[in-house]
Amino acid sequence: MAGFPPVPGPKLNPFNAGSEPLKIEFIEHLGKGDHAHVWKVSINEKIYALKIFTFFHNYDPPDRYKLELTADETDAYLHPFGCECRAYARIRDVGADALVARCYGYLLLDQEQQASLRQADAFDWEKDWGYEEAEDAGKPLRALVKEFVALPDPPADGVGRWETEVAVSPRSAPRLISTVRTLHRSGILVRDISLANVIEARILEFSMAWTMPHPCLARVRWQDRAHRDACDVDGIIDAWNEMHSVERAGREFEGVIWVRMLQNNVYAKKLRSRGNRGEYNEANYGYRRKVLDFDCRKFEARNKKKKKKKKSSKIA
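Residues numbered from 1 in each chain as written. Predicted model: local features only at pLDDT ≥ 70, side-chain atom pairs only at ≥ 80, totals over all residues. Heavy atoms only, no water.

Asker: Describe the overall build of the protein chain, with residues and values.
Answerer: Across its full length, the protein chain carries 10 helices and 11 strands. When each of the 316 residues of the protein chain is scored for burial, the buried share is 43%. Of all intrachain contacts in the protein chain linking residues separated by at least 6 positions in sequence, the fraction that spans at least 24 positions is 67%. Looking at the protein chain as shown, the accessible area adds up to about 17,800 Å², and 50% of this sits on carbon and sulfur atoms. (Helix = DSSP H or I, 4+ residues; strand = E, 2+ residues; numbered from the N terminus. Buried < 20%, exposed > 50% of the residue type's maximum accessible area, 1.4 Å probe, protein only. Contact = heavy atoms within 4.5 Å. Areas by Shrake-Rupley, 256 points an atom, 1.4 Å probe, with all protein chains shown as cover.)

In structure tokens form, the structure reads like this:
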């Protein structure tokens, strides 16, 4: 199998388990979302998380962005599987695997593996997987092999607080901010940073991500989408602070996470020298101009220069 997807830009390699044939054991269903089911599996006696994408076509259509794309281009740029493959391939290329839940490659489940999944799966394949006999018969289920991240069981009540505690802390918040900045500098817009998608400041999935080069960014401003990612990060931090508000000397203080991706407009407006300049604009975004005006061609050229330098140093 070749790298996926077959369009310009980064391509994710298929999962490589060595020379042995794949033996997949479906151990536990961990959850399902809008795009996929996640299973704890054993592949050749090693534990992974297997994210298996459904047959549903529940993603933005090209005409929403006034684009004319072929079926293969739509699959590559807008389908959650294509989005994740491109994002993880770029993350691999820039050496940022440790910042997120690792992905070891993609898998196409053959008929025998799908039969094994059906035996372990309690869900309705038409209702919960979007499977239609006539349309999808013979199609392989597509999956990503990921690092299995073990978590403590959520409490019977207070699940929202548990999610917040697991997602971020005063110690890990700066790391989450740094991770998102690294992703942006690498040409990746996450577009889905939430409590359910972050564990200990590590982003778990990229099923809505846009990775440069991407046709939608010919219609949508990079700055606006990057700003939305930053707002989502600050929303997670705000949620943590609200849950850890304390009262001192008769006054209420919010938590102890002071770092943010964007300036806090509520407090900025209180400063005399600021006036009404606390509103969002490109100058106060907190990123350097070249990050806001990201150009994928510059990214590619920069990496080519790095590769040339590495080769010349080896010869020397």
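There is more to say, and it comes next.
Asker: Summarise the side chain of Thr-211; cite the residues concerned and give the values.
Answerer: The residue Thr-211 is located in strand 9 (residues 210–211) in this model. Using a relative accessible area of 1% as the deciding quantity, one classes Thr-211 as buried. In this structure the side chain of Thr-211 is engaged in a polar contact, spanning 3.4 Å, whose partner is the backbone nitrogen of Ala-87. Setting aside residues up to four positions removed in sequence, Thr-211 forms contacts with Pro-10, Arg-86, Ala-87, Arg-90, Gly-187 and Ile-188. (Polar contact = N/O pair within 3.5 Å; in protein donor to acceptor, adjacent residues only side chain to side chain.)

Asker: Describe helix 6 (residues 173–185), listing the residues and the values that go with them.
Answerer: An ideal rise of 1.5 Å per residue puts 18 Å on 13 residues; helix 6 measures up with 19 Å between its terminal C-alpha atoms. Of all the residues in helix 6, the buried ones are Ala-173, Leu-176, Ile-177, Thr-179, Val-180, Leu-183 and His-184. One face of helix 6 carries all of its buried residues, which in axial projection span an arc of 160°. Summarising the contacts, the buried residues of helix 6 are in contact with helix 2 (80–93), strand 6 (188–189), strand 7 (198–199), strand 8 (202–203) and helix 7 (222–243). A positive backbone phi angle near 85° is found at Gly-187, which sits one or two residues after helix 6. (Expected span 1.5 Å × (residues − 1). Arc of directions from axis to C-beta.)

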